[in-house]
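Fold and contact review
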Amino acid sequence: MKKVEAIIRKTKFDDVKEALHEAGIEFFSFWEVRGVGKATEARIYRGIKYDTSSIERILITIYMRDQFLDPTIKAIMKAANTGSIGDGKIFVSELQDAYRIRTGEQGDKSLYIEE
Amino acid sequence: MKKVEAIIRKTKFDDVKEALHEAGIEFFSFWEVRGVGKATEARIYRGIKYDTSSIERILITIYMRDQFLDPTIKAIMKAANTGSIGDGKIFVSELQDAYRIRTGEQGDKSLYIEE
Amino acid sequence: MKKVEAIIRKTKFDDVKEALHEAGIEFFSFWEVRGVGKATEARIYRGIKYDTSSIERILITIYMRDQFLDPTIKAIMKAANTGSIGDGKIFVSELQDAYRIRTGEQGDKSLYIEE
Amino acid sequence: MNETLTTIQQIDGVGLDVSINTIWLLVAAFMVMFMQPGFAMVEAGFTRQKNAANILMKNLMDFVIGSITFWLIGYSFMYGEGNAFFGDFSKFAFDPGTDTYGAGYSDYADLMFQTVFAATAATIVSGAMAERTKFSAYLVFSLVITLVIYPVSGHWTWGGGWLSSLGTDATVLDAAGEPVSWGFIDFAGSTIVHSVGAWVGLAGAIILGPRIGKYVKGQARAIPGHNIALGALGVFILWFGWFGFNPGSELAATGGSASAIAKVALTTNLSAAGGAIAAMLVAWMRYKRPTLSLSLNGALAGLVAITAGCAAVSPLGALLIGLIAGTVLVFSVEIIDQKLKIDDPVGAISVHGVAGAIGTLLVGVFALGSEVTLADGTTQLVGAGLIYGGGMKQLGLQAAGVFSIGAWAFVCGFILFKVLKATNGLRVSKRIEEEGLDIYEHGETVYNM
Amino acid sequence: MNETLTTIQQIDGVGLDVSINTIWLLVAAFMVMFMQPGFAMVEAGFTRQKNAANILMKNLMDFVIGSITFWLIGYSFMYGEGNAFFGDFSKFAFDPGTDTYGAGYSDYADLMFQTVFAATAATIVSGAMAERTKFSAYLVFSLVITLVIYPVSGHWTWGGGWLSSLGTDATVLDAAGEPVSWGFIDFAGSTIVHSVGAWVGLAGAIILGPRIGKYVKGQARAIPGHNIALGALGVFILWFGWFGFNPGSELAATGGSASAIAKVALTTNLSAAGGAIAAMLVAWMRYKRPTLSLSLNGALAGLVAITAGCAAVSPLGALLIGLIAGTVLVFSVEIIDQKLKIDDPVGAISVHGVAGAIGTLLVGVFALGSEVTLADGTTQLVGAGLIYGGGMKQLGLQAAGVFSIGAWAFVCGFILFKVLKATNGLRVSKRIEEEGLDIYEHGETVYNM
Amino acid sequence: MNETLTTIQQIDGVGLDVSINTIWLLVAAFMVMFMQPGFAMVEAGFTRQKNAANILMKNLMDFVIGSITFWLIGYSFMYGEGNAFFGDFSKFAFDPGTDTYGAGYSDYADLMFQTVFAATAATIVSGAMAERTKFSAYLVFSLVITLVIYPVSGHWTWGGGWLSSLGTDATVLDAAGEPVSWGFIDFAGSTIVHSVGAWVGLAGAIILGPRIGKYVKGQARAIPGHNIALGALGVFILWFGWFGFNPGSELAATGGSASAIAKVALTTNLSAAGGAIAAMLVAWMRYKRPTLSLSLNGALAGLVAITAGCAAVSPLGALLIGLIAGTVLVFSVEIIDQKLKIDDPVGAISVHGVAGAIGTLLVGVFALGSEVTLADGTTQLVGAGLIYGGGMKQLGLQAAGVFSIGAWAFVCGFILFKVLKATNGLRVSKRIEEEGLDIYEHGETVYNM
Ligand SMILES: Nc1ncnc2c1ncn2[C@@H]1O[C@H](COP(=O)(O)OP(=O)(O)O)[C@@H](O)[C@H]1O
Ligand SMILES: Nc1ncnc2c1ncn2[C@@H]1O[C@H](COP(=O)(O)OP(=O)(O)O)[C@@H](O)[C@H]1O
Ligand SMILES: Nc1ncnc2c1ncn2[C@@H]1O[C@H](COP(=O)(O)OP(=O)(O)O)[C@@H](O)[C@H]1O
């Protein structure tokens, strides 16, 4: 199982969500993060410069079965891309185990609903 | 060492917290996330449908020594369960290293306080 | 590649940011989290005690090439330290893959900008 | 008030005093209308964010519905002459065309002033029933309270009904040989407005039952409000609005009323201050912390409590009423929440119901009374409270008002909500309550990225 | 209004009626000024948080600039005698020193009252052009609207210009043998204030184009406001302020005005209520949900719509106007947003433009008219609407006003923004829009840890 | 003001002018009371969320304590006749029973008006000492400022003390042969109210020292406020309230006062506008950005600055005072924060102290003066500023007031806080400051899930 974390523009969220659904991803979680990068736009608070480079982004976290990794990456890459600096990144890591609280299912099975 | 991430209902937070304490977990971090899932309740903003399925959840992150994994999973599974759709999931991954900033302790030792 | 997560005091954020920049870290993401720990200061809401121990912290997440791990840990350890309880922790885990959305670069390359 | 009206200079047939009184009444009415956002902010701030759109919508809609129905029928039902129990339909869809300035101010201004009071009674209920009530049921309720519940009991006192002359004693004749008429004192509506809302809300909260997760293993859980800064803003707005509510209820600013309105402003302010400080100190002693949420509730308790007696007591009496109300508030919240296990998310029952009842009763203790020259030339103090030598008489009258109106409101509320429960349904489903009324009932969330 | 002025008692040469009217006007002016935070909260709440500092700054600065320029020149240009189209410079940098109390109240009070109206017109525009307009361009715009656009069309009616006597018919002579003078009715400014702002904003929104991400593959996307609780607070504040806006526009409280101001308060309130409930119900039927955001907009639509006719229609007429305005609002928002694809983040064009136009036109339907005694002793109803037997005449006058002023505002706005676009630039760069105007334009964010 | 009082029509022995003045004073008092949420929102918005409950609680409690103590003792100490330096106890627990309408309005209205002023002085301090002061210490301080510090220096001018006749010159006799009496001009309290609060706060901020993390390696760090939208709302509320503060301070609306109150509203508004725009432009030039936070502070600086001279200067003069105040504000914030390293989280010292002092001094430059007919029949201008030919005299008087009152407030504050530090403790522990005063001092957080 994999954990995919994607940091994307807020304005691209709807597009990415749709692309993920098309790629077969039904569940994911997300929250707002701030990113520090190369952009160095000064903020001024009452005459003092501060926080010279943080921007607002959304972090999407998806836990998935291995076979979804490739389509997911592709979907995000396509939907979140604008070509300008600040499009964000995708990070992949290994997920060891997963449980569905409602049913107690474990492992792969907990990541999809049998129909 | 393990990293356990649990996505639970907000209303179950107090129960889970108590259960974790009983399971010997003294430290954890949490924040609010939104989840996208199968529920597809339409929202309407000024006549336009949007964001058709996001719900509010809490993500709890616990970094722990290996021996705490089982009791932790059990505790969360029990305390967060309501049996209805939307109870959430638990994810486990490997943690490579840990440090306590205050003392500089590293590894397992950084995850508990000797008394 | 590594993923470093550091939970630090809000008031130490500026110091840590500077230290990271000095250590060569150009990009990171952060958000606000609440921590549950040993501190047990009671809150009272309309006569009922609750939420006896949560405090506000910042979680910094940095995805990096392996060679940055050591300087990064050192930088955070130094900048975030006050010596009092509550300084926070640093967690390290393995990162399997990374992509830069703008360019499509993958792996190590996606984590720095060639000049 | 305006006994020498005929001698007052007129412009186009309207006396300057009429203009003065009308301005005063309108400004007061506008300030009372401004209490609506005060309630909205308090109720939204003291509940969870997943239900914020719902509570704001309820606060908007009870004012909207109240504005229409009270103009259409409620006003007539309350102030139409009728009998001792109900008004009539003589003021239906109020629009006399030609203003009579009957009471020394524009008739239209009176309607406006009374309308915002009706809406206040309605809006209190939403707090006690927050976070679990169906929106459609709430709309029906808003209609009924401004059409019937509030106007009827309002008629009993302010509309000249039976409570307004309950104290009259056939043996006490004034200089003109008429029995001196007085009764239950509720100057601006501790009981008539605030408690009515609260007791209806109590009935609703009982029938609804507590929110999911409020009582776990027999223990009350704290469900903190999501934005106490908005709540504090709301309380300050309410405090401000109360300077329209109480001093405005003098309904005049000329003659002796010029002093009366200022004195009412003073008693109102002192009681609010007393309520806040008492609640803070009691909470400090009991819970080891001077908590903001209870201090805010304490200020409101002081305001509600003084509303009945603001024109009848001295500044010192007002301060004492506030201190008592603030003290009781803390215990009341604790008992209702933790002992009686009635889930009142914003404390409306304690603030508007308990403090309203206590404040109304305390008029029977602290009222200065007014001197009346009797037929035999002696003077007598009528309406004086216990400590000013009035004995238990006024206290009895106050109790009669508190209990009769309380019973009316509670019973009406109880029946109404039972009927709603059986027909339309009163409570949202478990899932909706869990995920928030905003998404399911209104399809909208208040906070977005 | 004060025909018998000379007989009124004076203190130091100033009649008590002057004091009464001045107080009334000042309190009303302060309440209208208080609409500024209402607009600020609505606009900030209904847009995204990354642009909140920008929108707050615009709301602050249009009031600031308007206050200065309208005092300096705008007031003179609007109310200076001039000709039928423009005022003059006779009131430049208004400071007469000795007050003439020319209109029955302090001259300075009049300036204050008119100033806050001018600022209202200006502030409406920021909503329609939110989240993408350069701050510097907005400053220039604020200057121009309070210096020229608003004062000129304002002069046409309120300044005694051509629209104010358009209905005059040389054959209808009053008792004194003079032609009875009346014209376009816009009592407090549905068209003169609100629509002017909206049509300028429409021009701006068209020239700017939609926000990035608003229309994707030809489909309108929802970009929800970041804090509807602030938005709701803003609407309540505006509602409160409107009680200064409309009743204050009577410009007097003595004589028959004592009744008029109260009646205007009533019509204003009923229309607002009608607007809110209609919008809620229509949205409920159309989108299956009673949404807060549209109900709030509906209340504003009701308020804007009644502003023209608040003194001319009956309470029932007012309620109907509100219901119509609230209904139209929902469709207007949908059409402008989804069909015409004009991106108006807070719905200003629908609320202030469309509802303003409809409300102004409806005066031609619902106006009660006023009876005038003619030279031959008979009486005639002038200014009556369609349903009161006035035929199409008043409707025609209303249409003349709506279209002439609308055209003036739209064309001026169009030229102004085209010029700004070509010179200073009107829209921020893609990157700034993406990351938020707050950081790049103001170097500051509103929400911080 | 009411020289022909006896001839005014009365109702029940109370003149209509008394009603008019009383209404005016009460409405103004309510508006000033409403400045409390303004301050609360500004201070909460400009500090961090972990201390929001604390700052809201302080704002609530200083008004509460001020309301009680000023009624009980402060009012008497300020306005009781006494001597040139202190009042007396003749108005202790103010409740005269029978209203004398001594000054042309209800005595109770006067108390209300003065009370809200006292509370304003108190509330300013919380901003300067925010985010690190013990709550218990703050309560004691609130008591002392409304009991002693504010009433004493207030007595010097408004209570008829030594500053009020400092300009009197035994050789300048009026028509009646009496020396013409005038002195330090501070119409509504730039110095008497605002600066007093600010200088006490300055003493407090110095004794407390800066917040943890404010100065790192000798460099000032920005600690941005957590919700500038609330801050902006607060500023708008304050601006609105100021229309009660300044025009209300005329204490009458009849006779020439009808014009005066309107003119004061105008000067107040122009100065606020001037302050905001100057601060914006200076910040734009100095920091490359038109920042919201400084523009908001600039508006407040303009308001504070004009408070002394609002009735003494021309509209143009007011605009200039605002422009100067707004300009100085930016430098003052920078110097106090970055050079002097005094940590004033919300800029209260610059806004209320520096702008207050400058505004008061500028009266000595811009005051128009008033003409007095002397015993010899010639007329003389007294109280005129530098540019109107008054020379340095009035400037000297203003300086005397600014410095004597400033010294009094600062020294009292210094002693008070030193005593508090030595006894109760003034500053919270490092851990409490780090984790937030809300949790540890009040056991409650403002924002919850
Ligand atoms: N190495 C990293 N670790 C953590 N977050 C990162 C990292 N690189 C990028 N981000 C996040 O992604 C956001 C946008 O990425 P950025 O590098 O600016 O895009 P681009 O590569 O297109 O220039 C950053 O603001 C930050 O939040
Ligand atoms: N694969 C996943 N990746 C990320 N988040 C998930 C995933 N599955 C579930 N979640 C999170 O958990 C929440 C609740 O889980 P859900 O699947 O709805 O519960 P259930 O399995 O009981 O139906 C979701 O809203 C989402 O936030
Ligand atoms: N094992 C853990 N898992 C998750 N979060 C943790 C863990 N340990 C600490 N934290 C986070 O770090 C914060 C501060 O750490 P803490 O242990 O209190 O510092 P110290 O070790 O210096 O006493 C906690 O409030 C919590 O948010």
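Provided above is the structure to which this section pertains.
Definitions and cut-offs
Residues numbered from 1 in each chain as written. Chains lettered and ligands numbered in written order. Predicted model: local features only at pLDDT ≥ 70, side-chain atom pairs only at ≥ 80, totals over all residues. Heavy atoms only, no water. Contact = heavy atoms within 4.5 Å. Buried area = accessible area lost by both parts, 1.4 Å probe. Salt bridge = Lys/Arg side-chain N within 4 Å of Asp/Glu carboxyl O. Helix = DSSP H or I, 4+ residues; strand = E, 2+ residues; numbered from the N terminus. Nonpolar A, V, L, I, M, F, W, Y, C, P; charged D, E, K, R; others polar. Least-squares fit on C-alpha atoms with pLDDT ≥ 70 in both. Near = heavy atom within 4 Å. Polar contact = N/O pair within 3.5 Å; in protein donor to acceptor, adjacent residues only side chain to side chain. Areas by Shrake-Rupley, 256 points an atom, 1.4 Å probe, with all protein chains shown as cover. Patch = residues over 30% accessible without salt bridge, like charges linked within 9 Å, V, L, I, M, F, W, Y side chains within 5 Å. Phe/Tyr/Trp six-rings, centres within 6.5 Å; stacked < 30°, edge-to-face > 60°. Buried < 20%, exposed > 50% of the residue type's maximum accessible area, 1.4 Å probe, protein only. Lys NZ or Arg CZ within 6 Å of the ring centre and 35° of its normal.

Every contact between the two is made by 59 residues of chain E and, on the other side, 60 residues of chain D. Carbon and sulfur atoms supply 77% of the area that chain E and chain D bury against each other, a total of about 4800 Å² over both sides. Between the two partners, chain E and chain D, sit zero salt bridges. Elements with a contribution of two residues or more to the side of chain E that touches chain D: helix H1 (16-33), helix H7 (228-248), helix H8 (257-287), helix H9 (292-309) and helix H10 (315-339) of chain E. Ranked by residue count, the leading element in the side of chain E that touches chain D is H8 of chain E, at 15 residues. Considering only residue class, the side of chain E that touches chain D consists of 37 nonpolar, 17 polar and five charged.

This brings us to the interface of chain C and chain A. Taken together, the contact pairs 23 residues of chain C with 33 residues of chain A. Counting the surface lost from both chain C and chain A, the interface buries some 2500 Å², and carbon and sulfur atoms represent 59% of this. Taken as a group, Tyr99, Ile101 and Arg102 of chain C account for 32% of the area that chain C buries against chain A, more than any other trio of residues on that side. Remark: the boundary between chain C and chain A carries one salt bridge. Here Glu5 of chain A ties to Lys3 of chain C by a salt bridge, and the two come within 2.9 Å at their closest N and O atoms.

For the pair chain E and chain D, the best superposition has an RMSD of 0.0 Å and corresponds to a rotation of 120° with a translation of 0.0 Å parallel to the axis. Such values leave the two copies arranged in the relation of a three-fold axis. Residue Ile20 of chain E of chain E places its C-alpha closer to the rotation axis than any other residue of that unit, at 4.0 Å. The residues that chain E uses at the interface reappear at the interface of chain D in only 14% of cases, marking distinct surfaces.

On to the relation of the copies chain C and chain A. Overlay of chain C on chain A (RMSD 0.0 Å): rotation 120°, translation along the axis 0.0 Å. By residue overlap, the copies meet through two different surfaces: only 13% of the interface positions of chain C are interface positions in chain A.

This part is about the site of ligand 3. Not every one of the 17 residues close to ligand 3 is listed here, only the nearest: Ser29, Tyr63, Arg100 and Arg102 of chain B together with Lys89 of chain C. Near ligand 3, the surrounding residues belong to chains B and C. Separating a nitrogen atom of ligand 3 from a backbone N or O atom of Tyr63 of chain B is a distance of 2.8 Å. In this structure, Gly88 of chain C approaches ligand 3 through a main-chain N or O atom, which is 3.4 Å from an oxygen atom. If ligand 3 stood free it would expose 550 Å²; the protein chains cover 97% of that surface. Contributions of two or more residues to the shell around ligand 3 are made by strand E2 (28-36) and strand E5 (54-64) of chain B. In terms of residue count, E5 of chain B provides more of the shell around ligand 3 than any other element does, three residues in total. For the shell around ligand 3, the residue count by class is eight nonpolar, five polar and four charged.

Moving on: the site of ligand 2. What surrounds ligand 2 is a group of 17 residues, the closest being Ser29, Tyr63, Arg100 and Arg102 of chain A together with Lys89 of chain B. Close to ligand 2, residues of chains A and B are found. Between a nitrogen atom of ligand 2 and a main-chain N or O atom of Tyr63 of chain A, the distance comes to 2.9 Å. A distance of 3.2 Å separates an oxygen atom of ligand 2 from a polar atom in the backbone of Gly86 of chain B. The protein chains hide 97% of the 550 Å² of surface that ligand 2 would expose on its own. At the level of elements, strand E2 (28-36) and strand E5 (54-64) of chain A are the ones that each hand at least two residues to the shell around ligand 2. If you tally residues by element for the shell around ligand 2, the top one is E5 of chain A, at three residues. For the shell around ligand 2, the residue count by class is eight nonpolar, five polar and four charged.

Residues and elements named next belong to chain E. Taken together, Ile206, Val411, Phe414, Ile415 and Val419 make up a surface patch of nonpolar side chains, about 410 Å² in accessible area. Top element by residues in the nonpolar patch is helix H12 (residues 393-422). It accounts for four residues. Here Ile206 shows up in helix H6 (residues 190-208).

For the structure on display, the rule yields 84 aromatic pairs over all chains. Here Phe77 of chain E and Phe89 of chain E contribute two aromatic rings whose centre-to-centre distance is 5.6 Å and whose plane-to-plane angle is 45°, an arrangement assigned as tilted. Within this pair, whereas Phe77 of chain E is found in helix H3 (residues 52-79), its partner Phe89 of chain E is found in the loop between H3 and helix H4 (107-128), the two being separated by twelve residues in sequence. Overall, the relative accessible area of 15% leaves Phe77 of chain E in the buried class. Ring geometry for Phe94 of chain F versus Tyr108 of chain F: centroids 5.8 Å apart, planes at 70°, classification edge-to-face. Of this pair, Phe94 of chain F sits in the loop between helix H3 (52-79) and helix H4 (107-128) while Tyr108 of chain F sits in helix H4, and the two are 14 residues apart along the sequence. The same class applies to Phe94 of chain F and to Tyr108 of chain F, which are both buried. Here the aromatic residues Phe34 and Phe240 of chain D, Phe34 and Phe240 of chain E together with Phe34 and Phe240 of chain F are joined through ring pairs into a cluster of three or more. In this structure, Lys89 of chain A is placed above the aromatic ring of Phe27 of chain C, and the distance from its NZ or CZ to the ring centre is 4.3 Å.

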